[in-house]
Structure formats: structure tokens, C-alpha cells
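Fold and contact review
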Amino acid sequence: MKLFYNKPPSKTKLKKAYWRGFENLWEQTSLPIGNGSIGMGIIGNIKSDKIVLNHKTLWAGGPSPKRPDYCGGNITTPDKDGKLPVDYYKEIYTAFKNGEDSKAHELCEKLVGIMDGYGGYRCWGTLEFDFNGIRNEKNYNRELDMLNGVCTVSYDAKKGFGKKLHDERVSFVSYPDKCGVIRIKRTGEKLNTEIKLSSAHGNAKYEKGRIVHSGEMEDNALKFCLVANIIANGNITATENSIKISDATEMTIIFSADTDYMDTYPVYRTGESADALYDRVNETVVNATKKGFQELLKSHKEDFNKFMERVSIDLNGAFDVPADSLLYNYSKTPAYRKRAAELLYQYGRYMTVSSSRESDILPSNLQGIWNVSNNPKWSCDFHTNVNL
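Before going into details, it helps to say that this report is about the structure given with it. All residue numbers refer to position in the chain's written sequence, counted from 1. Owing to the predicted nature of the model, reporting of local features is limited to residues with pLDDT of at least 70; listing and counting of side-chain atom pairs is limited to 80 or more, with chain, interface and lining totals taken over all residues. Working from all heavy atoms in the structure, the side-chain values ignore hydrogens and water.

**A look at the packing of aromatic side chains**
Between 30 and 60 degrees the pair is tilted, below 30 it is stacked and above 60 it is edge-to-face, where a pair is any two Phe, Tyr or Trp rings, Trp via its six-membered ring, whose centres lie within 6.5 Å. Summed over all chains, the structure comprises nine aromatic pairs. Aromatic side chains W124 and F224 sit 5.6 Å apart centroid to centroid with 80° between the ring planes, which places their arrangement in the edge-to-face category. Taken as a pair, W124 in the loop between β6 (120-121) and β7 (125-130) and F224 in strand β15 (residues 223-232) lie far apart in primary sequence, 100 residues in all. Think of it in three bands: with a 1.4 Å probe and only protein chains considered, a residue is buried below 20% of the maximum accessible area for its type, exposed above 50%, and partly exposed in between. Its relative accessible area of 1% is what places W124 among the buried residues. Given the relative accessible area of 3%, F224 is considered buried. Ring-pair connections join several aromatic residues into one group, and the members of that group are W59, Y121 and F382. Across the ring face of F22, the terminal group of K50 is positioned such that the distance to the ring centre comes to 4.6 Å. Seen from the ring of Y175, R357 lies directly overhead, with NZ or CZ sitting 3.9 Å from the centre. In this text, helices come from DSSP runs of H or I with a minimum length of four residues, and strands from runs of E with a minimum of two, each type numbered from the N-terminal end. For a lysine, the NZ atom is tested; for an arginine, the CZ atom; a charge sits over a ring if that atom is within 6 Å of the ring centre and within 35 degrees of the ring normal.

**Let's talk about the pairing of strand β16 (residues 235-238)**
Any two strands with at least two DSSP bridges between them are considered paired. Where β16 meets strand β17 (residues 243-248), four bridges bridge the pair, whose relative direction is antiparallel. Bridging across to β17, I236 finds its partner in I245. Where β16 folds back onto β17 in an antiparallel hairpin, the turn is made up of four residues.

**A short note on the side chain of R210**
If you trace the backbone, R210 turns up in strand β14 (residues 210-216). Not counting residues up to four positions away in its chain, the partners in contact with R210 are K205, V227, A228, N229, I243, Y278 and N282. Two residues qualify as a contact provided that any one of their heavy atoms is within 4.5 Å of a heavy atom in the partner residue.

**Side note on the sheet that holds strand β4 (residues 48-55)**
Taken in spatial order, the seven strands make up an open sheet running β2-β3-β4-β7-β12-β17-β16, and their pairing is antiparallel. Strand pairing shows two members of the sheet lacking a second neighbour, β2 (31-34) and β16, which therefore form its edges. The average angle at which neighbouring strand axes cross in this sheet is 20°, direction not considered. Looking at chain direction, β7 and strand β12 (residues 191-198) are connected through five bridges and run antiparallel. Note on β12: the bridge partner recorded for L127 is L197. Between N-to-C directions, angles cover 0 to 180 degrees, with each direction set by a line fitted to C-alpha atoms, over the stretch in contact for helices.

**Some details on the packing of helix α2 (residues 85-97) against helix α3 (residues 101-108)**
At their nearest, the axes of α2 and α3 sit 8 Å apart, and the two run at 160° to each other. The pairing of α2 with α3 is recorded here as roughly antiparallel in orientation. Every pair of crossing elements has a handedness; the one defined by α2 and α3 is left-handed. Counted together, Y88, E91, I92, A95 and F96 of α2 and D101, K103, A104, H105, L107 and C108 of α3 form the full contact between these two elements. Three classes are used, and their members are as follows: Ala, Val, Leu, Ile, Met, Phe, Trp, Tyr, Cys and Pro are nonpolar, Asp, Glu, Lys and Arg are charged, and the others, Gly among them, are polar. Each residue belonging to the contact of α2 with α3 can be placed in one class, and the counts come to seven nonpolar, one polar and three charged. Our angle categories are set so that under 35 degrees counts as roughly parallel, over 145 as roughly antiparallel, 65 to 115 as roughly perpendicular, and the remainder as oblique. Left-handed describes a crossing in which the near helix is turned anticlockwise from the far one by less than a right angle; the clockwise case is right-handed.

**A word on the pairing of strand β9 (residues 150-159)**
Of all the ten residues making up β9, seven are buried; the element is thus mostly covered by neighbouring parts of the structure. Of the strand pairs in this sheet, strand β8 (residues 134-145) and β9 are connected by eight bridges, and their pairing is antiparallel. When the bridges of β9 are listed, D145 appears paired with V150. Counted along the chain from β8 to the antiparallel partner β9, the turn is four residues long, and its residue G149 has a positive phi close to 65°. Pairing of β9 with strand β10 (residues 164-174), which is carried by eight bridges, proceeds in the antiparallel orientation. Looking at the pairing, C151 lines up with S171 of β10. Where β9 folds back onto β10 in an antiparallel hairpin, the turn is made up of four residues, including G160, whose phi is positive at roughly 60°.

Shown next, in the form of C-alpha cells:
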């Protein structure tokens, strides 16, 4: 089952929403892929494109050298009246029982914990591509294969006033190999592009065929590391700010990312040094690179499909209808409503598999693992009445 669009996000009619600019574009048009920990939000524009990168454990807040006495926001000392939250809880219970609702609501404020250290989920950054000079694009298709967890973007176009070209971009995130994979293949013309990683958490370093982004979160000193290998059958050069690919017909990016978060009270850290974290992430990338695109894709599909093929649904909905058309014509056409229901049912299952796997340290948050903002609504956190 596939969810698809036949026009790029830059030409998609967006609805009014909370977000503005790129964040709104991401929310309404990106296609999410993930392996439970690493997430990518595929945009799929043509001349310049962005892929939003996430990792489930990249958070602000919590234990920090700035907060040596942090204890989860819990109030552990009596207030000026000599009371603890448990004392107010008893008073609140009594007030509600006696019908004194306004008094009870006022006392509830006494249960609110200490806000210092209340953090939130953070966006790792964006992987940006410049395909300068492409024009006259047509036959555009962007699809999410939910049975196999693979996103594909393809189109025909021209490079400048040259001959015709066809681009195909295939992306997936592998659970067996703990890596994200992006392959760009071009026929009819040479592939030339510039790639950079932008992040609010420091600058990436570029070497020939490699991107490394590592450091510590400013708020809580959480260590993070992303390593990407770039393989192409053309020229690869590195500048201070980007990687440039020229005279190629195919290129592949294989990357992995992680942090030193560990679900162990009270420090919540693995204890790794920055070098040890880098070595662990780099080893994952090296091993995945040795396998190559086809083997990585094969093992990924086998792993992902075993979950998705368990259930199928057929409501006699309309086929071959782009996702945006389904939504805009939902109330007009019964066959569209049925197709939307089929897709939504499978999409829920798909996002669960993509954002929560058996070895994950953390559960899915309010947005699974996908997040474009460093100030997301509701901190993009965990809620017992919603997602836990």
C-alpha cells in the first residue's frame, strides 16, 4: 500500500496551520521513515531539497552539570507553610469530595513541580541538497511504500538547456543495520549536487566522502554524534561547509547517529567519552557501507515487511489518487473517503513500526520520532493520556 503525491511540495497547496514557513511545509508534506530510533522526514523538492533528521534520544532537560540537585522536577522540601505536595493532595481530595471545586483547582497549583530542567525533544538538523540548474520538470512522483518502509522520489527534467534527465531518490532507515540510507540515481545527464548538514546544535565537519556532526547539547551536556559516508561514481570534494558531487550518475549516503543517553537512574548516561561514542557510531556506518545499497535494502525490506504484511484492508476505495487530492475531495466522493480510511489505518500501523521497535530505549513520543522544531508543541514529549 502506497501513499503518494504527483507534484512536489513547492507546488502543493498548504492549509493554514500553527506552523509557518518550512516547518509548515514539513508538517503537511514530508513523508516519515524510521527504524524506531533514527527518523527522516523526506520533503522531495526538485531544485533544492531538505531531509529532516531526528534521533529519539536527542533531548534537552533532565540531569545536567547546570542542575546538580535535579530530581525529576519533584518538590522534595516543604514550602513556606511547611507542606509537601502530598499534603496538598489530601486537601484537594477533600475539597473535591465536599464540592469545593474552585478551592480544589486553586490548590492543584501546589502540585506543579519545579520547571528548571523541564526539557523537550529536539530536531537533529536538516540534510540539504542543491540540484542547481534543473528545469522543466514533469512526471513527478513521491511515494511512501508503507509495506516496505521505503520512500521514493522520481521525476523527469532538463539540466539547463541540455538534454533530458531522470532522477530517482530512494530513502529508508534500516533497523537491522541501524542506519539511514539515501540513494540518488540519474540517467541522461551527469549528477552534480552540493550537500550540507545544518543544525542548531553546532556545525558539521566535512571530509572527502564523510560528514561528522558531534558535540554536546548546551542545556544538559548530552553527547551526540552523527557520521555519514558518501559514495559516488564521480568526483567527491569537501569544502569547509559542504560536500560536492560532480560528474556522477549515482551516489549513496549511509549514516548513523546516536547519543550517550541511557535509561538508568539517576545519571541517565552511558558514561562514554566523546571518542567512544564516535567509535560506536562510526563502526555502525563502516559495517553498513561494506554491505552496500542493495544488501541493506534487502535486509531492511525483509525486516519491515514482516510486521506490515500481517494485516491488509480493502474497503473498495479509489486507487491511484494522490494523497492531497484524497483530502481535498474527501467529503465529495465516497470512494475517496474509503481510500483515505484504508491509507490512514495502514499509516497508523506504519508509523508505529517506524517509531517504536523492540530494542528502543524510549517509547514513541507525541510525534513518534519525527520533529522539525527545537521548540515543539507540548515539548513533543510523553503523555499517559495520549501515547503511553
